[in-house]
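# A closer look at the structure
Given next are the chains, with one letter for each unit.
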Amino acid sequence: MDSKNTYEKEKNLILEILKQKGEINSQNLADELKIDHQHTIGIINALEIKEIVKTESKEKSCIILTDAGKNCLNKGAPDIQIFKELKEKGDLSKSELSTKLGKNVLSHGFNLAMKSKSISYDKKTDKISLKITQLPLKDELQETMKKFFESPDIDKYEPKLIKEYSKIYKFIKINQIKSFIVKPGPNFELGNIKMKNELTTDLLVNNEYEKEKFSKYNYNALGKQVKNGALHRLLSVRSQIREIFLEQGFEEMPTNNFVESSFWNFDALFQPQQHPSREAHDTFFLSNPKMANTEKFYPEYFNKVKDIHEKGGFGSEGWKYKWSADEAEKNILRTHTTAVSSRVLYKLAENYKKTGIFVPKKYFSIDRVFRNESLDNTHLAEFHQIEGFIADYDIGLSHLLGTVEQYFKRLGLDKFRFKPAYNPYTEPSMEIFARHPNNKKWIEIGNSGVFRPEMLLPMGLPSNVNVIAWGFSLERPAMLHYHLNNIRDLFGHEVNIKHTQEASMYYIKE
Ligand code: FB9
């Protein structure tokens, strides 16, 4: 019998019982019909909309048995279970009894039995021996559990008893059970008739509708859940992380160019051309268009970078190697958004050269970067880098430490450690570690440093302007927040859209 008919059958059964009893409680009804209470309430709601029945909600506290309670109900009080074992088998060790009765029953029973001085325990031999000859005739606890089980309505028992069995024995817990008193409604006589719930044109023809019974509008009915778009989980974290930067006065850098010249991605950052990360095993080089025209657009600056690499300057001895303009013009997929920072810092310097005024600035970027890395659960060939930098007079490491802490505090992190590290474009450099709020474990949350003068001075920035910067990834906080340990669950063709739709928003600490 398909569900529709079962549904109709259950409806008629309920109306039948209501006709006999005049009023019923939805919980008893469910017990009587041996159907789920929630399902019963669903049927009653449908009958109530048609005013065939009417209901009153009733809250009552009900006794629910805990696992220990169920054990006592089925096997008897824990101490009596011990007595029976000892009676039958003589002295037994704690571990023997624990294996036989289960460690909870043993520990609970042992305390009860010791309290009632019914057993003795020899620590040396771990032996438990029965001190009573006559087992209790009545198992108080089990009897009471039987009562609780048969009639779980709390009002039937002394509050002291309820307190004892819930707080001391932890055999029961109290649940608020919501149920409904169901009574006949204005249309009860009509029984389970089919009611029209919309006025159609045919019903209007020769006033057919006058003979029809219409169900009342249910203004409380929830509308159909409209499946509206859901923010990709990665983007929901991005928008929240962006929020922190904006609230801390940072401006967003334009990152709309995945393709970058090696010049801005490496050379402008004073990263030597023979640095391993500039090889194809780390960086994606473009075959078409293979080369950029950076020198054509920035001839003067292009050669200043050449000089700082080849022979240094501004007190630096440089990298002392033959710098190749071709190498610098090779187009790549940017390996970090620090390539964008170099362009923005160069523009700041140009502006300073034009106006003679340097205005301290705070910038951030969040966008894709590409690294030809070996793929694993947490690494794809691309990820979203988040970078922030502050360019200001006479700032340094201490400002960087403070800024990074203030930033990550807003991500819910509270304790930080900084480990000296190395980047070709920052000195000093530090890896940033933080204690994860939930599991208290220390995790690496990013990298940071003070941009080298060999990067800033060739741009033409004032010599007393320093730039502190830090970076981390978007995928990491997102994977932490959504408890994902495979980056492919977050990003790419294997993402489960449903998860995205159900995903909760990433909350930033106020
Ligand atoms: O994101 C990273 N970890 C991280 C960040 C946040 C987080 O959640 C917070 C609780 C809410 C959890 C973890 N890392 C950086 C650390 C590691 O995961 C690391 O193994 C992987 N790193 C990526 C690079 O992998 C090759 C993360 C990525 C990274 C590393 C460095 C930078 C940016 C991204 C940088 C930089 C930089 C340095 C100096 C100046 C300017 C930029």
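The sections below set out a description of the structure shown in this document. What you see as residue numbers is a count from 1 along each chain, following the sequence as written. Confidence filtering applies because this is a predicted model: local features only for residues at pLDDT of at least 70, side-chain atom pairs given and counted only at 80 or more, and all residues used for totals across whole chains, interfaces and linings. As a convention, hydrogens and water are excluded, and side-chain values are obtained from all of the structure's heavy atoms.

To continue, consider the site of the ligand. Surrounding the ligand, one finds 26 residues, the nearest of these being Arg371, Glu387, Glu444, Ser473 and Arg476. Within the contact set of the ligand, a nitrogen atom lies 2.9 Å away from a backbone nitrogen or oxygen of Glu444. Think of a polar contact as two N or O atoms within 3.5 Å of one another; within protein, one of them needs to be a possible hydrogen donor and the other a possible acceptor, and neighboring residues in sequence only count if both atoms come from side chains. Ser473 is positioned with one of its backbone polar atoms (N or O) 2.8 Å from an oxygen atom of the ligand. A 1.4 Å probe and the Shrake-Rupley method give the accessible areas. Residues count as covered only by the protein chains that appear here. Protein chains shield 88% of the accessible area of the ligand, which is 850 Å² for the free molecule. Each helix is a run of DSSP H or I of at least 4 residues and each strand a run of E of at least 2, with the numbering of both proceeding from the N terminus. Every element with two or more residues in the shell around the ligand is listed here: strand E11 (382–393), strand E14 (442–451), strand E15 (465–473) and helix H19 (475–481). Looking at which element gives the most residues to the shell around the ligand, the answer is E14, with seven residues. Lys, Arg, Asp and Glu make up the charged group, whereas Ala, Val, Leu, Ile, Met, Phe, Trp, Tyr, Cys and Pro make up the nonpolar group; the residues left over, Gly among them, are polar. The residue makeup of the shell around the ligand, split by class, is twelve nonpolar, nine polar and five charged. We define proximity as follows: a residue is near a molecule or strand when any one of its heavy atoms falls within 4 Å of that partner.

All right, on to the pairing of strand E5 (residues 127–130) then. Two elements, strand E3 (residues 92–93) and E5, share two bridges in a ladder whose sense is antiparallel. Counted as the bridge partner of Ser93 is Lys127 from E5. Two strands pair if DSSP finds at least two bridges between them. As defined by bridge partners, strand E4 (residues 119–122) adjoins E5 across four bridges and the pair is classed as antiparallel. Bridged to Asp122 within E5 is Lys127.

Moving on, we come to the packing of aromatic side chains. When the centres of two rings from Phe, Tyr and Trp lie within 6.5 Å, Trp using its six-membered ring, the rings pair. Their planes under 30 degrees apart give stacked, over 60 give edge-to-face, and anything left gives tilted. Counted by the stated rule, this structure contains 29 aromatic pairs. With 5.4 Å between their ring centres and 85° between their planes, Tyr407 and Phe408 make a pair best called edge-to-face. In textbook terms, an aromatic cluster arises when at least three aromatic residues are bridged by ring pairs, as seen for Phe245, Phe250, Phe364, Tyr407, Phe408, Trp470 and Phe472. Across from the ring centre of Tyr121, 4.9 Å away, lies the NZ or CZ of Lys94, which sits over that ring. Geometrically, a charge over a ring is one whose NZ (Lys) or CZ (Arg) sits within 6 Å of the ring centre while staying within 35 degrees of the ring normal. Seen from the ring of Tyr482, Arg233 lies directly overhead, with NZ or CZ sitting 5.2 Å from the centre.

Bringing unusual backbone geometry into the picture now. One can expect most non-glycine residues to show negative phi and most peptide bonds to be in trans. For the peptide bond that leads from Asn288 to Pro289, omega is 0°, which places it in the cis range. Relative to the assigned elements, Pro289 resides in the loop between helix H12 (262–265) and helix H13 (294–297). Cis peptide bonds are those with omega within 30 degrees of zero, and the linkage from Glu427 to Pro428 qualifies with -10°. Tracing the backbone shows Pro428 in strand E13 (residues 426–435). Not every positive phi belongs to a glycine, and Asp126 is a case in point at roughly 60°.

A few words now on helix H3 (residues 37–49). Expected helix span is computed as 1.5 Å times (number of residues minus one). With 13 residues, H3 should reach 18 Å at 1.5 Å per residue; the first-to-last C-alpha distance of 18 Å fits that figure. Residue burial is assigned from relative accessible area. The probe radius is 1.4 Å, only protein chains are included, and a residue is buried under 20% of its type maximum, exposed over 50%, and partly exposed in between. Looking only at H3, the buried set comprises His37, Thr40, Ile41, Ile43, Ile44 and Leu47. Each buried residue of H3 sits inside an arc of 160° when the element is viewed along its axis, so together they form one side. For H3, the capping residue at the N-terminal end is Asp36, with a side-chain oxygen 3.0 Å from the backbone nitrogen of Gln38. With its phi angle positive at about 55°, Glu51 sits one or two positions after the end of H3. What the arc describes is the spread of directions from the helix axis to the C-beta atoms.

This part takes up the pattern of salt bridges. Pairs may arise between side chains of opposite charge once their charged atoms sit close together. A carboxyl oxygen of Asp or Glu within 4 Å of a side-chain nitrogen of Lys or Arg is what we treat as a salt bridge. A complete count under the given rule lists 30 salt bridges for this structure. Here Glu317 ties to Lys320 by a salt bridge, and the two come within 3.7 Å at their closest N and O atoms. Arg452 is paired through a salt bridge with Glu454; the nearest N and O atoms lie 3.2 Å apart. Residues Arg452 and Glu454 agree in their burial class; the two are buried. What emerges from the salt-bridge pattern is a single network uniting Glu85, Glu88, Lys89 and Lys100.

Membership of the largest hydrophobic core comes to 35 residues, with the highest contact counts inside it found for Ile241, Phe245, Tyr407, Phe408, Trp470, Phe472 and Leu490. Those elements that provide at least two residues to this core are helix H11 (233–247), strand E10 (361–370), E11, helix H17 (397–409), E13, E14, E15 and H19. Ranked by residue count, the leading element in this core is H11, at five residues. Each nonpolar core is a collection of buried residues, namely Ala, Val, Leu, Ile, Met, Phe, Trp, Tyr and Cys, held together in the definition by side-chain atoms within 4.5 Å.

As summarised here, the arrangement of the seven strands in space is E7-E10-E11-E15-E14-E13-E12, forming an open sheet in which the pairing is mixed. The open sheet has two free edges, formed respectively by strand E7 (251–252) and strand E12 (416–423), since each of these has just one partner strand. Across nine bridges, E11 lies against E15 in antiparallel orientation. Across the sheet, residue Gly388 finds its bridge partner in E15, namely Trp470. Seen against the sheet, H17 touches E11, E12, E13, E14 and E15 and runs at an angle of roughly 35° to E15. Whether two residues touch is decided by their heavy atoms; if any such pair falls within 4.5 Å, the residues are in contact. Axes, fitted as lines to C-alpha atoms, cover a helix only where it is in contact. Angles between the N-to-C directions of the axes lie from 0 to 180 degrees.

Next up on the list: the side chain of Thr283. You can see Thr283 is positioned in the loop between H12 and H13. From its side chain, Thr283 meets the backbone oxygen of Ser277 in a polar contact 2.7 Å long. When neighbours within four sequence positions are excluded, Thr283 is seen to be in contact with Phe266, Ser277, Arg278, Ile332, Leu333, Thr335 and Asn372.

Taken together, three strands build an open sheet; the order of strands is E1-E6-E2 and the sheet is antiparallel. Each edge of the open sheet carries a strand with a single partner, namely strand E1 (24–25) and strand E2 (53–65). Bridge count between E1 and strand E6 (residues 172–184): two bridges; the pairing is antiparallel. From the neighbouring strand, Ile24 faces E6, where its bridge partner is Val182. Strands in contact with helix H8 (residues 140–150) are E2 and E6; relative to E2, the strand with the most contacts, it is inclined by about 165°.

Further remarks concern the environment of Asn218. Among the secondary structure elements, Asn218 is positioned in the loop between helix H10 (201–204) and H11. For Asn218, a relative accessible area of 32% translates into the label partly exposed. With 170 residues separating them along the chain, Asn218 and Gly388 place their C-alpha atoms 54 Å apart.

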